[in-house]
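Survey of secondary and tertiary structure
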Amino acid sequence: MNHELILSEKCDGYGVITLNRPDVLNSFNEEMHAALAEAIARFDEDSDCRAVILTGAGRAFSAGQDLSVDDTSFLGDNPDLGLVLEKLYNPLIRRIRSSHTPFISAVNGVAAGAGANIALSCDIILAAKSARFIQAFAAIALIPDAGGTYWLTHRIGEVRAKMLAMTGDPVDAETAADWGLIWKAVDDETLMDEAASLAKRLASKSATGIGLTKMAIQAALTNSLDEQLDTERQLQREAGLSGDFKEGVRAFLEKRPAQFNRS
Ligand code: T3D
């Protein structure tokens, strides 16, 4: 396996994963999926890694599935794209969402097809002002996948979701931020610094608190209020039993910065 398809770097308390096939706009082949899964698993198992930044090398974040015939066996006479999703994309999205580590996507350029939706699956999405999000599927007679129909409908509503998905029109980063599809559009030159500074802030907080907060907010996307109140009770019980809670309260009362558990 060529691990250079994915670059991963451990920084102070957080990790950076870079999709690295710039010649084909970081489009995904099976090897890159495998290398990405490995990098995510490695950071996930590292208790000292308390946030992960996902970005792309070169001028794109990712152009989604590699469509070149040479690079894929998916384009045969009767391709089962459902199988491709089941085997590659769905596990990736589930891995990001089920991880208690916060994921930050730093969208450095065009994000198209599944590439856009992988970026949108992260917990906090920063994008360079020059970046564009494209639901490129319509041009090749597919539907948005990698969670695309979910992120769009939940964040920007049915009307805008259908317009973007059916036309494949690009959305620029500032519009995406205005619509609530992403957190923020930033100057291109500052993107990685902003992502790093956010990762450091998250890394300084309680991993228990952040991880349980991630689970609670995701549960709210499908729960009724009653179910969500039950979820909050259950997760708060867990949070309250943690050493981090004791330390947080103690630090507040002693008027000093909290020192949260690193394991
Ligand atoms: O199994 C399954 O397929 C199911 C899962 C599907 C998930 C999906 O993601 S389906 C959607 C796949 N993605 C696309 O349809 C996007 C295709 N790319 C584009 O539409 C455009 O490249 C962009 C709008 C993203 C960027 O346009 P532009 O003009 O800035 O760049 P370009 O010239 O089109 O691309 C630069 C190079 O990257 C070019 O190669 P070349 O000519 O320099 O040798 C181009 O062929 C290559 N490239 C871009 N996207 C892909 C790609 N090569 C392979 N696969 C790609 N997806």
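Here the structure is a predicted model, which means the values were calculated and not measured. (Residues numbered from 1 in each chain as written. Predicted model: local features only at pLDDT ≥ 70, side-chain atom pairs only at ≥ 80, totals over all residues. Heavy atoms only, no water.)

**Here's the deal with the pattern of salt bridges**
Within the structure shown, the criterion is met by 13 salt bridges. Notably, a salt bridge pairs Lys-87 with Glu-30, separated by 2.6 Å at the nearest N-O pair. Taken together, the positions of Lys-87 in helix H2 (residues 81–98) and Glu-30 in helix H1 (residues 30–45) put the pair 57 residues apart, joining distant regions of the chain. You can call Glu-30 partly exposed: its relative accessible area is 31%. With a shortest N-O distance of 2.4 Å, Glu-158 and Lys-162 are connected by a salt bridge. (Salt bridge = Lys/Arg side-chain N within 4 Å of Asp/Glu carboxyl O. Helix = DSSP H or I, 4+ residues; strand = E, 2+ residues; numbered from the N terminus. Buried < 20%, exposed > 50% of the residue type's maximum accessible area, 1.4 Å probe, protein only.)

**Regarding the nonpolar core**
Among the nonpolar cores identified, the biggest contains 46 residues, and Ile-17, Leu-36, Val-107, Phe-133 and Ile-182 are the most heavily contacted of them. Ile-182 has contacts with Leu-120, Ile-125, Ala-127, Phe-133, Ala-173, Ala-176 and Ala-177, leaving out every residue within four places of it along the chain. Counting residues in each nonpolar core, the second largest holds 16 residues, with Ala-51, Leu-126, Leu-191 and Ile-210 among its members. (Core = buried A, V, L, I, M, F, W, Y, C linked by side-chain atoms within 4.5 Å. Contact = heavy atoms within 4.5 Å.)

**Remarks on the site of the ligand**
Taken together, 24 residues are adjacent to the ligand, and Arg-59, Ala-63, Gln-65, Leu-67 and Ala-114 come closest. With respect to the ligand, the backbone of Gln-65 contributes an N or O atom lying 2.8 Å from a nitrogen atom. Taking Leu-67, its main chain carries an N or O atom lying 2.8 Å from a nitrogen atom of the ligand. Within the complex, the protein chains bury 65% of what would otherwise be the 1000 Å² of accessible surface of the ligand. Contributions of two or more residues to the shell around the ligand are made by H2 and strand S6 (110–112). A per-element tally of the shell around the ligand places H2 first, with three residues. Partitioning the shell around the ligand into residue classes produces 15 nonpolar, five polar and four charged. (Near = heavy atom within 4 Å. Polar contact = N/O pair within 3.5 Å; in protein donor to acceptor, adjacent residues only side chain to side chain. Areas by Shrake-Rupley, 256 points an atom, 1.4 Å probe, with all protein chains shown as cover. Nonpolar A, V, L, I, M, F, W, Y, C, P; charged D, E, K, R; others polar.)

**Observations concerning the pairing of strand S5 (residues 103–107)**
In terms of residue burial, S5 counts as a mostly covered element, since five of its five residues are buried. Burial along S5 is two-sided: Phe-103, Ser-105 and Val-107 facing one way and Ile-104 and Ala-106 facing the other are all buried. Across four bridges, strand S3 (residues 52–56) lies against S5 in parallel orientation. If you follow Val-52 over to S5, its bridge partner there is Phe-103. Where S5 and strand S7 (residues 124–128) come together, four bridges link them in parallel fashion. Considered in S7, the bridge of Ala-106 is made with Leu-126. (Pairing = 2+ DSSP bridges.)

**Describing the sheet that holds S3**
Within a sheet, adjacent strands bond to each other through the backbone by hydrogen bonds, running parallel or antiparallel. In space, the six strands of this open sheet follow the order S1-S2-S3-S5-S7-S10, with mixed pairing throughout. Looking at the sheet topology across the chains shown, the edges are occupied by strand S1 (6–10) and strand S10 (184–186). Along the sheet, successive strands turn relative to each other by an average axial angle of 20°, direction set aside. Bridge count for strand S2 (residues 15–19) against S3 is five bridges, and the pairing is parallel. By the bridge assignment for S3, Leu-19 is matched with Gly-56. (Axes fitted to C-alpha atoms, helices over the stretch in contact; angles between N-to-C directions.)

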